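# Structure at a glance
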Amino acid sequence: MLGPVILAASRSDRLRRVVSAAPVTKPVVNRFIPGETVDQIVPIIVDATSRGLELTMDVVGEDITTPEQAAAARDAYLELIEHLKVLDLGTRAEMSVKLSMFGQSLPAPAATPGGGGSAPAFRSGHELALANVRPVVEAAAAIGTTVTLDAEDHTTLDSMFAIHEELRKDFPQTGCVIQAYLFRTEDDARRLAAAGSRVRLVKGAYKEPASVAYQEKAEIDKAYIRVLRVLMEGDGYPMVGSHDPRIVEIAQELARRAGRKPGDFEFQMLYGIRSEEHVRLAREGHRMRVYTAYGTDWYGYFMRRLAEKPANLLFFLRSVLTKN
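Okay, so let's go over this structure. All residue numbers here refer to positions counted from 1 along the written sequence of the relevant chain. Predicted model: local features are reported for residues with pLDDT of at least 70 only, side-chain atom pairs are reported and counted for 80 or more only, and whole-chain, interface and lining totals are derived from all residues. Water and hydrogen atoms play no part in the side-chain values, which are based on all heavy atoms of the structure.

### Brief notes about the sheet that holds strand 2 (residues 93-97)
The strand order 1-2-3-4-5-6-7-8 describes a closed barrel built from eight strands, whose pairing is parallel. Pairwise comparison of adjacent strand axes, ignoring direction, gives a mean angle of 30° for this sheet. Where helix 5 (residues 67-87) meets the sheet, its contacts fall on strand 1 (54-59), strand 2 and strand 8 (287-294), and the angle it forms with strand 2 comes to roughly 175°. Note on contacts: a residue pair is in contact if any heavy atoms of the two residues lie within 4.5 Å. Working convention: axes come from line fits to C-alpha atoms, limited for helices to the stretch in contact. Angles between N-to-C directions cover 0 to 180 degrees. Strands here are runs of E lasting at least two residues and helices are runs of H or I lasting at least four, both read from the DSSP assignment and numbered beginning at the N terminus. Relative to strand 4 (residues 175-179), helix 7 (residues 157-170) is tilted by about 155°, and along the sheet it contacts strand 3 (147-149) and strand 4. Criterion used throughout: strands pair if DSSP finds at least two bridges between them.

### Thoughts on unusual backbone geometry
Despite not being glycine, Asp88 shows a phi value in the positive range, around 55°. Position of Asp88 among the secondary structure elements: in the loop between helix 5 and strand 2. With a phi close to 55°, Arg274 is a non-glycine residue in the positive phi region. Exposure remark for Arg274: the relative accessible area of 26% places this residue in the partly exposed category. The buried label goes to any residue with under 20% of its type's maximum accessible area, the exposed label to any with over 50%, and the partly exposed label to all in between, with areas taken from a 1.4 Å probe on protein chains only.

### Things to note about helix 8 (residues 185-192)
Within the span of helix 8, buried status applies to Thr185, Asp188, Ala189 and Leu192. The buried side chains of helix 8 occupy one side of the element, clustering within an arc of 100° when seen end-on. Elements that come into contact with the buried residues of helix 8 comprise helix 7, strand 4, strand 5 (198-202) and helix 9 (217-233). By arc we mean the arc of the directions from the helix axis to the C-beta atoms, nothing more.

Read these as layout, nothing more, since geometry by itself doesn't imply function.
Dropping the structure here:
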């Protein structure tokens, strides 16, 4: 019941100010977001990869309102890639991007009165997002790694999938994310489970209406397993985004039935959640990738982590109540 309330709070500027100002917030946020700058995050990358883990890096931030902010998001990823180039980790450190950060939802520029002036730089947010994300994908490929396009709310998905398809023409290793709680996802999985594809399956962390998404946990779990079976039996590369021990066990069994070896799929979990399980799976020979976010615009990301799992909210509240 608390999940939808917390997700609504993630969009509240007033609550953003309250939570950000609370003295206890920063130490708790650090559990999920270990740094604000790329220089702070490099030691985290080095430590994780030295322990056999892989990473997907996310520069947090979504609610941009200008093309200049979208360009700044692009540049933040390009800066990250320059640091990854020095580390020479290849696909052990990839990147995840939210197209909303790259301008996907921005309105097209208003037409110049009378038709004068130069043509606008972009005709739609979709076009702007593609123009901004392409150099990031190109730079990632140049250092031997790749990019995964994160899924956001259901109204953005057709644009995301179209950009994914366009990028894969030149960079076929570009991945995407699908969300089990959406009714459309089984069909999306069948379309995407083709040779060369990389698809991360998650349960979903946005507040979606009952007209497009399952609302009950049991229904979402069943949908997750159905979609996971489609991916495991397909010809692509499944990425299992879940902390649920039961899902982890089922994924291993579905992989075995499909004839997949440990290197033919991977697990993905969030930084700061079930960290011992990250190491255990890696030691067993599985590819274990840790979704690691950093940056100053952490509020929306942090609130969704609280909404996803009651234990995360309890952890936060316990920290508040026991703070001296």
